[in-house]
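These are the residues of each chain, in order.
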Amino acid sequence: MPKTLFEKIWDKHVVKTMEDGPSVLYIDKHLIHEVTSPQAFKGIENRGLKVFRPQQVVATADHNVPTLNQHLPIKDELSRLQVQQLTENCKKHDIVLYGLGHPFQGIVHVIGPELGITQPGMTIVCGDSHTSTHGAFGSIAFGIGTSEVEMVFASQCLLQSKPKLMRINIEGTLDKGIVSKDIILYIIAQITTGGATGYAVEFAGSAIRDLSMEARMTICNMSIEMGARCGLIAPDEKTFEYIKGRQFAPSLQQWDKKLGEWKELYSDESAAFDKELTILAGAIEPMITYGTNPGLGISVNGHIPVTDTIMDEGERRNIVKALEYMGLKSGNSLLGMPVQHVFIGSCTNSRIEDLRLVASVVKGKRKSDHVEVMIVPGSQQVAAQVKAEGLDRIFEAAGFTIRQAGCSACLGMNEDKIPAGEYCISTSNRNFEGRQGAGARTLLASPLTAAAAALTGVVSDVREFIQ
Amino acid sequence: MQPIDIIKSTFVPLPMENIDTDQIIPARFLKATTREGFGKNLFRDWRYENDDESTPRPHFILNNPAYEGQILVAGKNFGCGSSREHAAWSILDYGFRVVVSSFFADIFKNNALNNGVIPVTVSESFLHIILEQPETATLTINLGEQSITIDNTTQKENFEISSYKKTCLLNGYDDIDYLLSLKKEILEFEEARL
C-alpha cells in the first residue's frame, strides 16, 4: 500500500496501538532545556525512577539565559536556579549537557541540526513547540508538555494519536528579495493560525526543493503557528550533504546503510492525504504581520484589512482588538511606519544563512539613528562562524549589537525585552501580545525585511535595496 | 491526578478567539521549577495594569466578582502557541477543572488532559448559547456520558474524548503508569530495531 512520508516514519516507531485509543510511539531523540524539564525530573524522581535512555537525551540552556556576559554568574536569581537545576539534573541522570560556555551551546532547534543529531526518519521531541523545525530533515518532530517530557524520561515513549495528513505544495520560483520566511508567513496568512490543527503537514513542490536546509528549517519551524502537530519535508541530496561530516552524523562505516534507509523517505506517488493545497511561489511578496497572531500578515506593500468589511464577527473582533493593541489603523499601509527596534534571532531565523542575508543588505551601510538593532546568533557555533566570515565587522560597522546565543527577545524571558508601546521588526515566530515584553508591539518579517528596516528605521520593501 | 466525573458549576466567559499560551501565562513567569502556584499569574497581563497586583484592570472578567466557577468558557482556538504546560497548570491552580471552547490547539489539549483539566469541545452555536447565559447560570459536565448541559435551559450537547483518556480522567490515572507497565514490549521493540 502506498504510504506518505509521515506514515513511513510513524509506522516504524509504533510499539503498540490501543484499540480505540492512542499509539505508543517510540522516541529516538529527546531534546531538553532548562524551562520545561525541572518538573519532569522531579516527577520521575518522586516515582523512584532514573531516566530510562539517557544516551538518547541531549540538553542545552537557551530560553532563560542572558545574552551578555555569559561567562559570569547569571544575575537573575530564578533564572540562575533554573539553569543550575538543569546542570544538576543532567549530572544525576547521565545526560549530555551543552550548557553556557560550551562551544555547542545554543537554541535547542539550532544545535540539533548543526551537530548532526537531527537525522531523517527519526522521531524527535522536545518540551518546546518549535520542535517542528527538525521536520525539515524528514523526521517526525513535535513539541510536548512537561508531563510528556516525564513520560519520555520514564519510558522513551509517548502516547500519541495519529494526526490527519496535509500536503502543501509550493510550486514555481521565488522572486528576488523573497525568502522562506515569506513563504511560511504567506501560508499562515492564507490558512490562519488554526488552519492545520490536528494535521501533520508535509511541505513539497519545486520551491521547497530549491530551498537550502536552513531555509527549510524556517518553514517547518513555523508549522506550529498554523496549529500543525508537525511539519516535514522529504530528505534529498541537500539533506544528506548537510548532515555528512557533522559531529553526530553517522560514521563513515554506517553512512551507506543510513543513506539507503533515508532515500526511501518520501511520499509514494499515490499516497493519500486528507487535505492538499498548492501555492504559487511567484505570488508571494515580502511579508509582514500587523496583528497579534502570526496569521495576521500582509505583503509589505499591502494594506491592513478594513475591519468593517470583515463578515465573520469573531474574526472582526479579533482584528479590532489586535489593531488596538498594535496602535495601528484599519485599512492603512505599514510602509514607512517608524520602528524603534529590530530583532534578528530566534529558532526561526538565527542561523548563519539568515545572518548572511542580513549582511548582504547592510554591508557598507549604517543603521538609522532611530532604531536599536540586536543580532542574537542561534548558537555558539553560529557566532563563531559569523566571526570567521567577518560578518561581525559588517554588523559592527552598521551599528548593530551582537549578542551571545539564546532565545532572547523572541519570548522575553530573559532581560532582552522590547519596551511597552514600542515597535519591533522581528525575525522570530510569534507576535502575541506581550510576547517580546509586556506591551511590546511585534511585526514579524524575514531577515531581509528586518535588515531593510534597520537601515531606514521604518517598515521598508527590501526589494528596493537589492539588485 | 484527581479523579474527575461530574462537574456542576457557574462559569467564567472569555469569548475572545485565539487565546494563546503567552496570554494564559507570560514567559517571565515560567522560571519556577515546581508545578504549583501558577494560578496567581493566570492571564497576568490582562488582569493587572503595568504588572502591578494592586491595580487590577476592572473590565477583565477574572476581576469581576460576579463571575466565578470551575469552568472557563473561551472562544475558538484556545491555547494556541507554545507547548508550556504551565498554561494548564495555571488554569488548574486558579481553580478551573474544565475549559469549554469550540476548538482547542493540540498541545494545550494534551497538556490539559495530562493534568486532569477537561477540554470540552462544543459546536460554535452551542458556545454562543452558553455565552448568552446570565452569570448565575450553571453548566454540568458529565464525563461518563460525555455531555455538557446548560442547566437552566436543559440544552445539552455531547463531546468527544478518547476512551483511553476518559478512563484515565475518571480514575485519576496518568499515562506514565500505563507506559511503565509496557517495559517488556518497549525492550522488545528496541531489540528488534537493532
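Residues numbered from 1 in each chain as written. Chains lettered and ligands numbered in written order. Predicted model: local features only at pLDDT ≥ 70, side-chain atom pairs only at ≥ 80, totals over all residues. Heavy atoms only, no water.

Time to look at the overall build of chain B. In terms of helices and strands, chain B carries eight helices and seven strands. The C-alpha radius of gyration computed for chain B amounts to 18 Å, which stays within 12% of the reference 16 Å derived for 194 residues, consistent with globular compactness. In terms of overall dimensions, chain B has a C-alpha envelope of 60 × 40 × 25 Å along the principal axes. Here chain B holds 194 residues, and the buried ones make up 58% of them. Put simply, of all contacts in chain B between residues at least 6 apart along the chain, 62% involve residues at least 24 apart. By element, 50% of the accessible surface of chain B is carried by carbon and sulfur atoms, the whole surface being about 7,900 Å². The averaged location of the 28 negative side-chain charges in chain B is 3 Å from the averaged location of its 18 positive side-chain charges. (Helix = DSSP H or I, 4+ residues; strand = E, 2+ residues; numbered from the N terminus. Rg over C-alpha atoms; globule rule 2.2 N^0.38 Å. Buried < 20%, exposed > 50% of the residue type's maximum accessible area, 1.4 Å probe, protein only. Contact = heavy atoms within 4.5 Å. Areas by Shrake-Rupley, 256 points an atom, 1.4 Å probe, with all protein chains shown as cover. Lys, Arg positive; Asp, Glu negative; His and termini not counted. Charge placed at Lys NZ, Arg CZ, Asp CG, Glu CD.)

Once that is clear, we can look at the nonpolar core. Residues and elements named next belong to chain A. Counting 93 residues, the largest nonpolar core has Ile170 and Phe203 as the members making the most contacts within it. At seven residues, the largest contribution of residues to this core is made by helix α6 (residues 180-191). Listed in part, the 83 residues of the second largest apolar core include Val35, Ala322, Ala398 and Val462. (Core = buried A, V, L, I, M, F, W, Y, C linked by side-chain atoms within 4.5 Å.)

Looking now at the packing of helix α2 (residues 38-46) of chain A against helix α3 (residues 77-92) of chain A. Residue and element names in this part refer to chain A. Axis separation between α2 and α3 bottoms out at 10 Å; the angle between their running directions is 40°. Relative to α3, the element α2 lies oblique. The way α2 lies across α3 gives a crossing that is left-handed. The residues of α3 that touch α2, namely those facing Pro38, Phe41, Lys42 and Glu45, are Gln85, Asn89 and Lys92. Split by residue class, the contact of α2 with α3 holds two nonpolar, two polar and three charged. (Axes fitted to C-alpha atoms, helices over the stretch in contact; angles between N-to-C directions. Parallel < 35°, antiparallel > 145°, perpendicular 65-115°, else oblique. Left-handed = near helix turned anticlockwise from the far one by under 90°. Nonpolar A, V, L, I, M, F, W, Y, C, P; charged D, E, K, R; others polar.)

Note on strand geometry: in a regular strand, side chains alternate between the two faces of the sheet. All names here are of chain B. Where strand β3 (residues 98-101) and strand β4 (residues 118-121) come together, four bridges link them in parallel fashion. Residue pairing for β4: Val100 is matched across the bridge by Val120. Regarding topology, helix α4 (residues 106-113) serves as the crossover connection from β3 to the parallel β4, and that connection is right-handed. (Pairing = 2+ DSSP bridges. Right-handed = clockwise from strand over helix to strand, strands pointing away.)

Next up on the list: helix α1 (residues 5-13) of chain A. Counting buried positions over the nine residues of α1(A) gives seven, a clear majority of the element. For α1(A), the set of buried residues is A:Leu5, A:Phe6, A:Glu7, A:Lys8, A:Ile9, A:Trp10 and A:His13.

Averaged over every residue, the pLDDT of chain B is 96; residues scoring 70 or more account for 100%. Here the predicted complex scores 0.97 on pTM and 0.96 on ipTM. (pLDDT = per-residue confidence, 0-100.)

A few words now on the interface of chain A and chain B. Many descriptions give the size of an interface as the accessible area lost when the pieces come together. Counting residues at the interface gives 65 residues for chain A, matched by 53 residues for chain B. Contact between chain A and chain B buries roughly 4,800 Å² in total, counting both sides, with carbon and sulfur atoms accounting for 55%. By the criterion of area lost to chain B, the three top residues of chain A are A:Gln39, A:Arg47 and A:Phe432, representing 11% of everything that side buries. For the pair chain A and chain B, the interface holds 27 residue pairs in polar contact (both at pLDDT 80 or more). The biggest single contributor to the side of chain A that touches chain B is helix α5 (residues 146-155) of chain A, with seven residues. Counted by class, the side of chain A that touches chain B contains 21 nonpolar, 25 polar and 19 charged residues. (Buried area = accessible area lost by both parts, 1.4 Å probe. Polar contact = N/O pair within 3.5 Å; in protein donor to acceptor, adjacent residues only side chain to side chain.)

With that settled, the discussion passes to empty space enclosed by the protein. Counted under the stated rule, the structure contains four cavities of 30 Å³ or more. Computed from the structure, the largest cavity encloses a volume of approximately 210 Å³. Lining the largest cavity we find 24 residues, and of these A:His63, A:Asp128, A:His130, A:Leu411 and A:Arg435 sit closest to its centre. Of the residues contributing to the lining of the largest cavity, the split by class is eight nonpolar, 11 polar and five charged. For the second largest cavity, the calculated volume is near 160 Å³. In terms of lining, the second largest cavity is formed by 14 residues, of which the most central are A:Thr292, A:Asn318, A:Lys321, B:Glu17 and B:Asn18. (1 Å grid on protein atoms, 1.4 Å probe; cavity = no way out; pocket = protein on both sides within 12 Å on 5 of 7 lines; lining within 4 Å. Points joined across faces, edges and corners; volume = space filled by probe spheres on them.)

Before going further, it helps to spend a moment on the sheet that holds strand β6 (residues 123-126) of chain A. Residue and element names in this part refer to chain A. The sheet built from five strands is open, its strands ordered β5-β4-β3-β6-β7 with parallel pairing. If you trace the sheet from one side to the other, it starts and ends with β5 (96-98) and β7 (140-143), each paired once. The sheet shows a mean angle of 20° between the axes of neighbouring strands, taken without regard to direction.

What follows concerns the sheet that holds strand β2 (residues 23-26) of chain A. Residues and elements named next belong to chain A. Pairing within the open sheet is antiparallel, and its three strands lie in the order β1-β2-β8. The open sheet has two edge strands with one neighbour each: β1 (14-17) and β8 (157-160). Averaged over all pairs of adjacent strands, the angle between their axes in this sheet comes to 20°, without regard to strand direction. Taken together, the four bridges between β2 and β8 define a ladder with antiparallel strand orientation. Its bridge partner being in β8, Leu25 is matched across the sheet by Leu158.

Another aspect to go through is the packing of aromatic side chains. Residue and element names in this part refer to chain A. Applying the stated criterion across every chain yields a total of 17 aromatic pairs over all chains. Ring geometry for Tyr98 and Phe104: centres 5.2 Å apart, planes at 80°, overall edge-to-face. Considered together, Tyr98 and Phe104 belong to a single accessibility category, that of buried residues. Taken together, a centroid distance of 5.5 Å and an interplanar angle of 85° make the contact between Trp255 and Trp262 edge-to-face. We classify Trp262 as buried; its relative accessible area is 2%. Taken together, the ring pairs in this structure connect Phe240, Trp255 and Trp262 into an aromatic cluster. Between Lys8 and the ring centre of Tyr266, over which it is positioned, the NZ or CZ distance is 3.9 Å. Sitting over the ring of Phe52, Arg53 keeps its end group 4.1 Å from the ring centre. (Phe/Tyr/Trp six-rings, centres within 6.5 Å; stacked < 30°, edge-to-face > 60°. Lys NZ or Arg CZ within 6 Å of the ring centre and 35° of its normal.)

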